[in-house]
Amino acid sequence: MIESLTLLRPLWFLALPVVAVLALRAAWRSAPLGDWNKAIDPHLMALLARSGALLGGRRQANIAAALAAGILALALTGPAIERPEAATFRNLDATVIVLDLSRSVTEGGRFKEARQAAQAVAEAAGTRSLALIVYAGDAYTALSPTHDRETLATTLFALDADTVPDRGSHPERGLALARRTLAEANVVAADVVLISDGDGIGQAAERETAAIRDKGWQLHALFVPAAKALPAGAPRPDRTALDRLATAGGGRAADIEGPQAVLDRVGASTAQHLAAGGYGVLAFADLGRWLLLLALVPAFFLFRRSA
């Protein structure tokens, strides 16, 4: 139960130290009255304490106020548990792999590793819907959204330098097709994973990245380095451009030799994806409202003492 607890508004935790300080101050201000209890008639002392005229008479009121404030601050952090049905929202959460098939990638000596990285992304996505987009001079849908991982593996194995007949490298077309694919499927939360050497990234790709981010989806990037001399006229890999694109897309960037940072984000639960996209109410049951009701108990005592 504790392991599944999530804070929807963790920044409110910053208020807890302030509440703790106020509670300590309240405890100090409510110090015992010492020998005054012996000097004043007990009935008069009780009357003064109930009226709040005595600093020491506020002990219980101060404690009640501090307790109510603490519970309120905790409630505002949004403690929540994942809804059991969140895992069934497969149509709301999807992953799209956008694979670069330009010559600099397919003939750069690391294309096998690039396909293996795509397979690793598919495995990290678990049971979520998955689509595969390939691009070079133009972009094509190699695999429409599906849950069939075997078909994906077969499709990846069949890809080569001649799969996309259009020469060049236009990642913006691959990203645009990924965006349209997700929009047509009415996907709420999504990860778009661009596997590329960074060639061709310019303002057009940045605009498509911004459009993906505006939808609440995330763009990640896996860099494909060159392992051997590139063909004549082939562009050099550009890791910096790819990293910049992933940052703009709200995602992670990594190398195909160490893709774990990206795989961790893709492998997050559907509930976490929905929450990141602003749809946490679909995936989590917020317990904060019940804590607010609990805060009414010391608050009621406080008002009763003031009456």
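Residues numbered from 1 in each chain as written. Predicted model: local features only at pLDDT ≥ 70, side-chain atom pairs only at ≥ 80, totals over all residues. Heavy atoms only, no water.

> Before we move on, could you go through the nonpolar core and cite the residues and values that matter?
General note: in soluble globular proteins, nonpolar side chains tend to be found buried as a group. Counting 29 residues, the largest nonpolar core has L99, L132, L159, I195 and L222 as the members making the most contacts within it. Elements with a contribution of two residues or more to this core: β3 (93-100), α6 (111-124), β4 (129-135), α7 (149-158), β6 (189-196) and α11 (260-266). Among the elements that take part in this core, α6 stands out by supplying 6 residues, more than any other. Apart from the residues lying within four places of it in its own chain, the contact partners of I195 are I97, V98, L99, D100, A114, A117, A118, L222, V224 and I256. Ranked by size, the runner-up nonpolar core spans 26 residues in total, among them A94, V98, A205 and L242. (Core = buried A, V, L, I, M, F, W, Y, C linked by side-chain atoms within 4.5 Å. Buried < 20%, exposed > 50% of the residue type's maximum accessible area, 1.4 Å probe, protein only. Helix = DSSP H or I, 4+ residues; strand = E, 2+ residues; numbered from the N terminus. Contact = heavy atoms within 4.5 Å.)

> Talk me through the pattern of salt bridges; I want residue IDs and the actual numbers.
Note on pairing: side chains with opposite charge can pair once their charged atoms come close. For the structure on display, the rule yields 5 salt bridges. Here E107 ties to R103 by a salt bridge, and the two come within 3.6 Å at their closest N and O atoms. When its relative accessible area of 28% is taken as the criterion, E107 is described as partly exposed. For the salt bridge of R239 with D243, the shortest nitrogen-to-oxygen distance reads 2.8 Å. Of this pair, R239 and D243 both sit in helix α10 (residues 239-248), 4 residues apart, which is roughly one turn of that helix. (Salt bridge = Lys/Arg side-chain N within 4 Å of Asp/Glu carboxyl O.)

> Go over helix α9 (residues 203-214), please, and point to the residues and values.
Here α9 spans 16 Å end to end across 12 residues, near enough to the 16 Å set by a 1.5 Å rise per residue. On its buried face, α9 is in contact with α8 (171-184), β6, β7 (218-223) and α10. At the C-terminal side of α9, G216 shows a positive phi close to 90°. (Expected span 1.5 Å × (residues − 1).)

> Please give an account of the side chain of D255 that cites residues and values.
Along the chain, the position of D255 falls in strand β8 (residues 250-255). Here D255 sits buried without a salt bridge, and the closest side chain of opposite charge, R239, lies 4.0 Å off (N-O distance). Here E257 takes part through its backbone nitrogen, which lies 2.9 Å from a polar atom of the side chain of D255. (Lys, Arg positive; Asp, Glu negative; His and termini not counted. Polar contact = N/O pair within 3.5 Å; in protein donor to acceptor, adjacent residues only side chain to side chain.)

> Lay out α10 in plain terms, naming residues and giving numbers.
Residues of α10 that are buried include every one of A241, L242, L245 and A246, and no others. Here the buried residues of α10 occupy an arc of 135° about the axis, which is enough to place them on one side. Exposed side chains of α10 directed beyond 90 degrees from the buried face belong to T240 and T247. Its buried side turned inward, α10 meets α8, β6, α9, β7 and β8. The backbone nitrogen of T240 lies 3.4 Å from a side-chain oxygen of the residue at the head of α10, namely D238. A positive phi of about 75° marks G250, the residue just after α10. (Arc of directions from axis to C-beta.)

> Outline the packing of α9 against α10, listing residues and values.
Closest axis-to-axis distance for the α9/α10 pair is 9 Å, and the angle between their directions is 25°. The angle between α9 and α10 falls in the class roughly parallel. The two elements α9 and α10 meet at a crossing, and its hand is right-handed. Mapping the contact onto sequence places A205, E206, T209 and R213 in α9 and R244, L245 and A248 in α10. (Axes fitted to C-alpha atoms, helices over the stretch in contact; angles between N-to-C directions. Parallel < 35°, antiparallel > 145°, perpendicular 65-115°, else oblique. Left-handed = near helix turned anticlockwise from the far one by under 90°.)

> Would you mind going over the packing of α8 against α9 in detail, with residue names and values included?
Contact geometry for α8 and α9: axes closest at 8 Å, N-to-C directions at 20°. Judged on the interaxial angle alone, α9 and α8 are roughly parallel. As for the relative orientation of α8 and α9, their crossing is left-handed in sense. For the pair formed by α8 and α9, the contact residues are P171, E172, L175, A176 and R179 on the first element and A204, A205, E208, T209, A211 and I212 on the second.

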